[in-house]
Amino acid sequence: MAIGHEVAAGMGGIRTAGDLVARMVFNGMRINEAKEYVAGRLKCAVSDLSDAAFMRDLREELDIGGTVIVPHKSYGMAAKIKIAEILGIEIASVERFKKQIGF
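This is a predicted model, so every value here is computed, not measured.

Criteria and cut-off values
Residue numbers restart at each chain and count upward from 1, following the sequence in its written direction. In view of the model being predicted, local features appear only for residues whose pLDDT reaches at least 70, and side-chain atom pairs are presented and counted only at 80 or more, with totals across whole chains, interfaces and linings using the full set of residues. With hydrogens and water stripped out, all remaining heavy atoms of the structure feed into the side-chain values. To form a nonpolar core, buried Ala, Val, Leu, Ile, Met, Phe, Trp, Tyr and Cys residues must be joined to one another through side-chain atoms within 4.5 Å. A simple rule labels every residue: compare its accessible area, found with a 1.4 Å probe on the protein chains alone, to the largest value its type can have, and call it buried under 20%, exposed over 50%, or partly exposed in between. Going along the chain from the N terminus, every DSSP run of H or I of four or more residues is numbered as a helix, and every run of E of two or more is numbered as a strand. Every residue pair with non-hydrogen atoms within 4.5 Å of one another is taken to be in contact. The convention used is that axes are lines fitted to C-alpha atoms, helices contributing only their stretch in contact, and that angles between N-to-C directions extend from 0 to 180 degrees. For classification, angles of less than 35 degrees are called roughly parallel, those exceeding 145 degrees roughly antiparallel, those between 65 and 115 degrees roughly perpendicular, and all remaining angles oblique. Crossings are sorted by hand: turned counterclockwise from the far helix by less than a right angle, the near helix makes the crossing left-handed, and turned clockwise it makes it right-handed. Only Asp, Glu, Lys and Arg are considered charged, only Ala, Val, Leu, Ile, Met, Phe, Trp, Tyr, Cys and Pro nonpolar, and every remaining residue, Gly among them, polar. We count a salt bridge whenever a side-chain nitrogen from Lys or Arg sits within 4 Å of a carboxyl oxygen from Asp or Glu.

(A) Geometry of the nonpolar core. With 21 residues, the main nonpolar core has Leu20, Met24, Val38, Leu42, Leu49 and Leu87 as its most contacted residues. For this core, the secondary-structure elements that each account for two or more residues are α2 (18–26), α3 (31–42), α4 (52–62) and α5 (77–87). Discounting chain neighbours no more than four positions away, the residues touching Leu42 are Leu20, Leu49, Met55, Leu58, Leu62 and Ile86.

(B) The packing of α5 against helix α6 (residues 92–101), seen in detail. Contact pair α5 / α6: the axes reach a minimum separation of 9 Å and the direction vectors enclose 115°. The angle between α5 and α6 places the two elements in the roughly perpendicular class. Crossing of α5 over α6 shows left-handed handedness. On α6, the residues that touch Met77, Lys80 and Ile81 of α5 are Ser93, Val94 and Phe97. Across the contact of α5 with α6, the residue classes break down as four nonpolar, one polar and one charged.

(C) Spatial organisation of unusual backbone geometry. Notably, Lys43 is not glycine yet its phi reads approximately 60°, a positive angle. Here Lys43 is to be found in the loop between α3 and α4. For Asp63, which is not glycine, the phi torsion reads 60° and is therefore positive. Mapped onto the elements, Asp63 comes out in the loop between α4 and α5.

(D) Quick look at the pattern of salt bridges. Considering all chains together, one arrives at three salt bridges under this definition. In this structure, Asp19 and Arg59 form a salt bridge, with 3.0 Å as the shortest nitrogen-oxygen distance. Of this pair, Asp19 sits in helix α2 while Arg59 sits in helix α4, and the two are 40 residues apart along the sequence. The class for Asp19 is partly exposed, based on a relative accessible area of 21%. The exposure class of Arg59 is buried, given its relative accessible area of 3%. Between Asp63 and Lys82 there is a salt bridge whose closest N-O contact spans 2.5 Å. Highlighted residues: Asp63 in the loop between α4 and α5 and Lys82 in helix α5, separated in sequence by 19 residues. We classify Asp63 as buried; its relative accessible area is 14%. Of the residues examined, Lys82 reaches a relative accessible area of 27% and is grouped as partly exposed.

So this is what it looks like as structure tokens:
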């Protein structure tokens, strides 16, 4: 189980930018291309994507969720909607949610 989790978490998952890079890989990008794309969209260096301290601050600044729920910050679907906007992609669950609320 631990190995499977480590593989799935990749670059540290939501602690860093692993979840964002994984989304782009799932959309058909190669890993290095995905890292460059995400870094460009976040306006940071590729090396910053795996820096937990840097990404914690950036995720809080962009309000795209993190490992700890911070009062008055987005989490769950609200964070996922912002991630879709920042990355310029469609996320199926976000689109379904928007249909349900008539957005």
